[in-house]
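Geometric and topological summary
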Amino acid sequence: EVVREEIEKWKLIDTNPSTLTSLVENLGVKGIQVEELCSIEDLNGLQELQPIFGFTFLLKYKPYEHAEPEESGDSNDIFFVKQIINNSYVTQALLLLLFNLDGIDIGRPLTELKETLTTFSPEMRGLAIENSEFIKRGHNDLAKEGSGELGHIYHYINFVHKNGTIYELDGKRDKPIPLSKCDRENFLDVVTPIIKERIYRYSDIKFNLVAIVKGRKMIYTEMIDELLSERDILNAQLSDMMELEQDEGVEDIKNRLVEIENQVLQYQAKIDSEEDRMNTGTAEIMRKKFDYTPFLFNYLKTLADNNLLDQFVEQAQVKTHR
């Protein structure tokens, strides 16, 4: 008798920033971070998240909102993918955005996958991603224990800058939609009003809005490296000046060295804060993946064997009716 191995299905994952950042890392991409934007007010602080590579709405699908516009994007500019599987919509959203970023190292696995899919149609790309064991494994590794199917159809809408144009990339459409011309430098200024308008438009729909940004830890580390390089140069200059018994400018260099040390400490504190945040997120992911059923079963059985279960139930009912 031939035993066929059951094909693993796409499972549900959370859409919180920690899970999405871990998902990007699972797919082999380093130095990318996902930040959640919870309200219009959060858009006022976007400059602090720079550089921002794109935005993604994750939301319920409403067919009547998806009449296809006449104008479409140039397929030579945009790598577009059609959404196929409902449970994988989060991963496809991030993949589609990553595949359209310029100057970002997305890692060897995704680079090879993108090259393989280049000649495919958007629908075939979606099917290929659905059947990619590497992508599915990276996704399912973050799934909640006992996750099933989504009760509704969900999809994504990406906003990304490509070759002088902001594009809307919606996995439920048939093609990319060009929205506005802009330079990379003023992408944020042009896209922010678009994002605000969409927040109002989707106010009656449950959605998540996230920004895909450069990893904060990487930025702070780079800043520390620059400061330490400046410190080494200034120390060398100071040493030369001391040997020449030159007093002019010595105090300025010493003051700048103190400033550098303070700035290094500040950036290191930010790195520590980011690591704490990521560790908390990782712990939460592991907690949700853990199957507590055997523990609870044995705990309740032990209570029952010791004639304590009824007592605990009565105490719980009393607390409930207070």
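Residues numbered from 1 in each chain as written. Predicted model: local features only at pLDDT ≥ 70, side-chain atom pairs only at ≥ 80, totals over all residues. Heavy atoms only, no water.

Thoughts on the packing of aromatic side chains
All told, the structure shown has eight aromatic pairs when counted by the stated rule. The interplanar angle of 80° and the centroid separation of 5.3 Å between the aromatic rings of Phe57 and Tyr202 together place this pair among those described as edge-to-face. Here Phe57, found in strand E2 (residues 52–60), pairs with Tyr202, found in the loop between helix H6 (187–201) and strand E6 (207–214); they are 145 residues apart in sequence, far enough to count as distant. An aromatic cluster of at least three residues, connected via ring pairs, comprises Phe57, Phe159, Tyr202 and Phe207. The ring of Phe79 carries Arg125 above its face, with NZ or CZ at 4.0 Å from the centroid. (Phe/Tyr/Trp six-rings, centres within 6.5 Å; stacked < 30°, edge-to-face > 60°. Helix = DSSP H or I, 4+ residues; strand = E, 2+ residues; numbered from the N terminus. Lys NZ or Arg CZ within 6 Å of the ring centre and 35° of its normal.)

Considerations on the packing of helix H1 (residues 17–26) against helix H2 (residues 89–99)
Between H1 and H2, whose axes approach to 11 Å, the crossing angle comes to 60°. Classed by the angle they form, the pair H1 and H2 counts as oblique. Taken as a pair, H1 and H2 cross one another with a handedness that is right-handed. Contacts between H1 and H2 involve Leu20, Leu23 and Val24 from the first element and Val90, Thr91 and Leu94 from the second. Each residue belonging to the contact of H1 with H2 can be placed in one class, and the counts come to five nonpolar, one polar and no charged. (Axes fitted to C-alpha atoms, helices over the stretch in contact; angles between N-to-C directions. Parallel < 35°, antiparallel > 145°, perpendicular 65-115°, else oblique. Left-handed = near helix turned anticlockwise from the far one by under 90°. Contact = heavy atoms within 4.5 Å. Nonpolar A, V, L, I, M, F, W, Y, C, P; charged D, E, K, R; others polar.)

A look at the side chain of Asn140
Relative to the helices and strands, Asn140 is located in helix H5 (residues 133–140). A relative accessible area of 8% means that Asn140 is categorised as buried. Of note is the side chain of Asn140, whose polar atom sits 2.9 Å from the backbone oxygen of Lys9. Among the polar contacts made by the side chain of Asn140, one reaches the main-chain amide nitrogen of Lys11 at a distance of 2.8 Å. Those residues in contact with Asn140, other than ones at most four positions away along the chain, are Glu8, Lys9, Trp10 and Lys11. (Buried < 20%, exposed > 50% of the residue type's maximum accessible area, 1.4 Å probe, protein only. Polar contact = N/O pair within 3.5 Å; in protein donor to acceptor, adjacent residues only side chain to side chain.)

Concerning the nonpolar core
Leu110 and Ile135 are the most contacted members of the largest nonpolar core, which has 40 residues in total. Here this core takes nine residues from H2, the largest share from any one element. Residues contacting Leu110, with those up to four places away along its chain left out, are Leu27, Val29, Leu95, Leu98, Phe99, Phe134 and Ile135. Ranked by size, the runner-up nonpolar core spans 24 residues in total, among them Leu46, Ile166, Val191 and Tyr202. (Core = buried A, V, L, I, M, F, W, Y, C linked by side-chain atoms within 4.5 Å.)

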